[in-house]
Every structure is written in structure tokens, then in C-alpha cells.
Amino acid sequence: MKTLNILSIGVLAAALTMTSCSDSFLEQEPQTKGDVASYYATEEHLTEGLVGAYVPIHNYDYNGVIFGQLNWADILGDDMLTGSAGVTDQEAWYNAADFKLTASKTLSQYWTVSYDGIKACNDIIAAIETNKDKISESFAQKTTAELKVLRSFYYTVVWKWYGNIPVFMSPLDASETIEQSAPADAYEQIITNLESAINANVLPMRAPAGEEGHATQATAYMIYAELVMYQNDQTRFSQALDYMKAIINSNQYSLDNSFAHLWSPDGEWCDESIFEVNYTDGPLCIRSYPEANDPYNTSLGFIGGTFQCQALGPDGGVASDPDVANNGWGTFVPRRTCLDLYAANDERRDVTLLDGEPGNPGARYQNQNLFLNKYLPRYSHVADGTGGSDQCRWNDNLRVYRYAETLLNAAELLVRTGGDATLAKSYITKVRQRAGLVSEVEPTLDNIMTERRLEFLGEGKRYWDLVRMEDVAGVTQKASALLKTEQDPVNDKGDRGRSGDWKPNKKYIPIDSKEISSAQGSLKQNDAYFN
């Protein structure tokens, strides 16, 4: 299912509210505040602005500087390798996996794209307030709440990566300086902003047909749980659990009957899907690049397709599965050991992982002859069967929050609050039964971590789970225990694996030196990372 209203409009909105990712966000201004407020003076134009605020969310996979996607955080975990043509091809990702990023070679997209989105949200929220006498109260309340939820999503991304971040909830004046907030202070500001949107209670639990892609009350609940659980904020565990139960008891979401169907084009926005990032093929697949010398410039234009499928596809295809495109880049590669994580009758294994043997794909660096099946570039997933020649033609939506995560969140929160263990076990069992497993497991934190690993492999959950469990007693699956230098090569070619150890000072990555320089003294580097 493709919902095009978030894909096909918003270019003008983006032009008014977004800025080039090459400049510091602290120097950004809309054309003028008057221009923004005067244009966004009707519900029609404010709706365009709302849609425009979603434009950046599509660009995490490529921000004009570095490829990657939200789920690529798992390269820093224990399931995925960087792959590609070699260490210098995706150097920043190799450095990230080694915990040896530098200020000049960091994962810049999680900063620039997030602040593009934050700025767009701030501009439209301010325009709503300026023009509230020209629009209905219900429209103003609902649109403001949705923008606050979206803004919280952008802030969650940049906060988890960088920790020490500027937080601002209104457009910046040219002379205004925003100081960084420490991670705990930034968290409090982000969660408080999100709570105001949740408490307004004006968003639907599920988006109406034709509006899939808009943030909903359930989206807000999932962001809330992610923030609270990552921060290990025990004062809010009970509230997060109540929100998970609200989704469960709403009866508006359920597990898809087939794990395989979940990852097909028809499975997009199925009953399990709470939030996805929409991508499209066909006429809008090209991202309308304004600069001829930079064919991947995504600063403006159609959202189009995603680069992710092309990036993680095999170079040379897979002989046993001709539907898989044969010119992939071999990036974001599952470790061969992932096959052994699953029971033989676990349906998730073959849906998640495509064994390249005996397909004999081109041997890229760190080649495992194993590929992330969830997002492989498949000809059957594009409208014309071949998808043309553009490398971002792939239309596979990014699954961000699924109902399976709601169930496992609820199980974990029940355990951590001393709640009903039988209920927690039943939530885990539902997820396992959908995978074809009949055995039950006890609701311990380690068992829940294992189930999350199996269910969400390659979806960008594992690394963050290992980090957030670092200070939780009684858990064996922690970043410091599992993310260490590898002495042995990762394949029979002798390609190296990780060459560094995760330590608590590696939690927050370096800010790009260009951002530090452009901010003219108002940003401080995450120097602890280098110790």
C-alpha cells in the first residue's frame, strides 16, 4: 500500500521551511518569519506545511553526504556488518562500528536531517499560533499535536546519537543562541513536549484510510516508550506501560498473521503497522535533484524511493532468487552467525535472512553470503517490474514501529515494574506463536531481549537495546559485554571485523566539525568519545 499525499506535495512547504544540510541549523532562518506566517495563513496551506515537515524523515538514508538509514544503527551492534566495497567505501560506518568516529568523519545525517525536520515543525507550529484566528480551533489543535509528535521523533533520533544537543521549540531569531542541553536535560524537554501532545488527546489512535504516514496517538505512545526505556526513566515506566496497554486494548492493531506478508508491498500499513516512512516508485521515484553535479542531492524535491534496498542488495544477485536485483552495493550485511540464532522452525529466519549460497553473489568486503531479506531490492516491488535505472527507485517503506514491539515493550515494562508476570508471558507468547513457535519462555529481561533480537533483526533496535541495558542489573546482553574487538576475520577471505570496544564514553558520537565551526562557539564537541 502506498499513500501518496505525504509523498507528492510539500515541495513549496519544504522550500519555505527547510534549509541546506551544508549549513549549521543555528544559522538557519526561513525566508522571513513574515513570509512563513503570511503564506501559512489558511488550513490548506498549513496542511502543505504539515506535509512538508515530513520531507526530512525520508532523507536519513542519504543526506547528500553519507548513506545510511535509521535501522543502520545495528551496524554498531552484534548482528550487522558494514560490508560495501571496502573500509574506505563506507568509512564513517566502519569507524562507527569500531567506535572510532572522528569529528570530520561522523554519521552526520542523524544531526542534519533531524534538525531540518525540527525546524520545519517549529515554523509551522509558530504559523498556526500566528494565524489561529483564521483557522478552526480543532484544526489548530490537531495539527499542532501532530507536529509536536513528529518533532519528538526527530529529537529522539538526534538525542540518542549525540546526547548533548540544543533543544528549541520555536523558530530561531538570527541573533539567538541556543546552548546545548546535557542528555538528561534534553530528554526532559523532549518528553515534556511529547506529553503535551499526548495529553491533548486530539489525534486518532490509527490514521484514517488514505492518511497513512501521519503520526497518530499510537505513534506518540511508541515514541514515549522508546524515550522512557532508553533513558531508563523508572518514574515514567508505569505511564509507558499504560500507553502500551492503550494500544493493545484499542483493538485497532494486531499482529499480521504472516511474518512474510508483513514485508511484502501488500504488508505495508497492515494491521500491525503503527508507523512507517513512505517511499514510492513510478513517476516520483527520482528525488528531483536540483544540482546537475550532485545527482543524489536530496535537499529539495520529490521524496521518491529509498536508497536502502540498493545499498544492501548483493552485487551479482542471487541465482536461487532472480527477483533480487543484481547490482546491489553489498552494504549493511547480516553476520553469518545470525542464522544460528533462530530455531529451525522459526518462520522469521528465512523471511529475515536470505542465504546467498549457492547463488555465488559478488564477494564484497566482509561478505557473508547472507543478506537482509526484509529490505532486499526486488523487481517485484517496483511498479514497472524493473524500476528503471535510478538507484533510489525502490519503494519499500521503512517499518519504524510495529505492534510486535508494543507487545514486547509491554512485557518488559511489566517485568521492570513488578507487574503481572503471566500477562507479560502472554505478550511474548503471541509474538512467538506468530513465528510458528509453540514453546513458551519465561518473562525475564534476557528472554525479552532475545525475542526482540529475533523479531527485529536489521530493524535498528538491537544496538540501542544493548546500550540501554548497560546499567540494568541482572541482564547479560549489554553493549560492554558483547561489542568488543574481534580477533578473527569475519569470512574466509580474511576481512576484518570490529577493531574497537564499546565503552560508556562511546554512547554519544562526535558532532560534525562543520557544525561546531558554523555554530561559532555555541556548540561543544562530545569530547568524552575520544578518551
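Residues numbered from 1 in each chain as written. Predicted model: local features only at pLDDT ≥ 70, side-chain atom pairs only at ≥ 80, totals over all residues. Heavy atoms only, no water.

**Q** Help me get a handle on the packing of aromatic side chains, residues and values and all.
**A** Scanning the entire structure with this criterion turns up 28 aromatic pairs. The interplanar angle of 80° and the centroid separation of 6.3 Å between the aromatic rings of Trp93 and Tyr110 together place this pair among those described as edge-to-face. Of this pair, Trp93 sits in helix H5 (residues 91-98) while Tyr110 sits in helix H6 (residues 109-130), and the two are 17 residues apart along the sequence. Trp93 gets classed as buried once you look at its relative accessible area, which sits at 0%. (Phe/Tyr/Trp six-rings, centres within 6.5 Å; stacked < 30°, edge-to-face > 60°. Helix = DSSP H or I, 4+ residues; strand = E, 2+ residues; numbered from the N terminus. Buried < 20%, exposed > 50% of the residue type's maximum accessible area, 1.4 Å probe, protein only.)

**Q** Which residues make up the confidence of the model for the protein, and what values go with them?
**A** Low pLDDT means the predicted coordinates in that region are not meant to be read closely. In the predicted model, the protein carries a mean pLDDT of 89, and 87% of its residues have values of at least 70. Within the model, the stretch residues 4-16 combines pLDDT values under 50 with 41 contacts to residues more than four positions away or in other chains. Note that residues 288-301 has pLDDT below 50 and, in this model, 34 contacts with residues that lie over four places away or in other chains. (pLDDT = per-residue confidence, 0-100. Contact = heavy atoms within 4.5 Å.)

**Q** A description of the pattern of salt bridges should follow, citing residues and the corresponding values.
**A** Following the criterion strictly, the structure yields 38 salt bridges and no others. One salt bridge connects Asp123 with Lys119, and the closest N-O pair in it is separated by 2.9 Å. Within this pair, Asp123 and its partner Lys119 are both found in helix H6, separated by four residues, close to a single helical turn. By relative accessible area, Lys119 is classed as buried at 9%. (Salt bridge = Lys/Arg side-chain N within 4 Å of Asp/Glu carboxyl O.)

**Q** I'd like a description of the packing of helix H4 (residues 43-52) against H6, backed by residues and values.
**A** Relative placement of two packed helices is described by the angle separating their axes and the distance separating the axes. Between H4 and H6, whose axes approach to 9 Å, the crossing angle comes to 160°. Viewed along their axes, H4 and H6 adopt a mutual orientation that is roughly antiparallel. Note on packing geometry: the crossing formed by H4 with H6 is left-handed. Between H4 and H6, the residues in contact are Leu46, Gly49 and Leu50 and Ile124, Ala127 and Ile128, respectively. Residue composition of the contact of H4 with H6, by class: five nonpolar, one polar and no charged. (Axes fitted to C-alpha atoms, helices over the stretch in contact; angles between N-to-C directions. Parallel < 35°, antiparallel > 145°, perpendicular 65-115°, else oblique. Left-handed = near helix turned anticlockwise from the far one by under 90°. Nonpolar A, V, L, I, M, F, W, Y, C, P; charged D, E, K, R; others polar.)

**Q** For empty space enclosed by the protein, give the residues involved together with the corresponding values.
**A** One pass over the structure, following the stated rule, counts nine cavities of 30 Å³ or more. Taken as a whole, the largest cavity encloses approximately 380 Å³ of empty space. Lining the largest cavity are 24 residues, and of these Lys160, Glu226, Gly460, Lys461 and Trp464 sit closest to its centre. Contributions of two or more residues to the lining of the largest cavity are made by helix H7 (137-162), helix H9 (217-231), strand S8 (398-402), helix H14 (403-416) and helix H17 (462-468). By residue number, the principal contributor to the lining of the largest cavity is H7, which donates five residues. Residue composition of the lining of the largest cavity, grouped by class: eleven nonpolar, four polar and nine charged. (1 Å grid on protein atoms, 1.4 Å probe; cavity = no way out; pocket = protein on both sides within 12 Å on 5 of 7 lines; lining within 4 Å. Points joined across faces, edges and corners; volume = space filled by probe spheres on them.)

**Q** I'd like to hear about helix H16 (residues 445-455), residue by residue, with values.
**A** Most of H16 is tucked away, with nine of its eleven residues classed as buried. What H16 keeps buried is the set Leu445, Asp446, Ile448, Met449, Glu451, Arg452, Arg453, Leu454 and Glu455. On the buried face of H16, the contacting elements are helix H11 (259-262), helix H13 (348-352), S8, H14, helix H15 (421-434) and H17.

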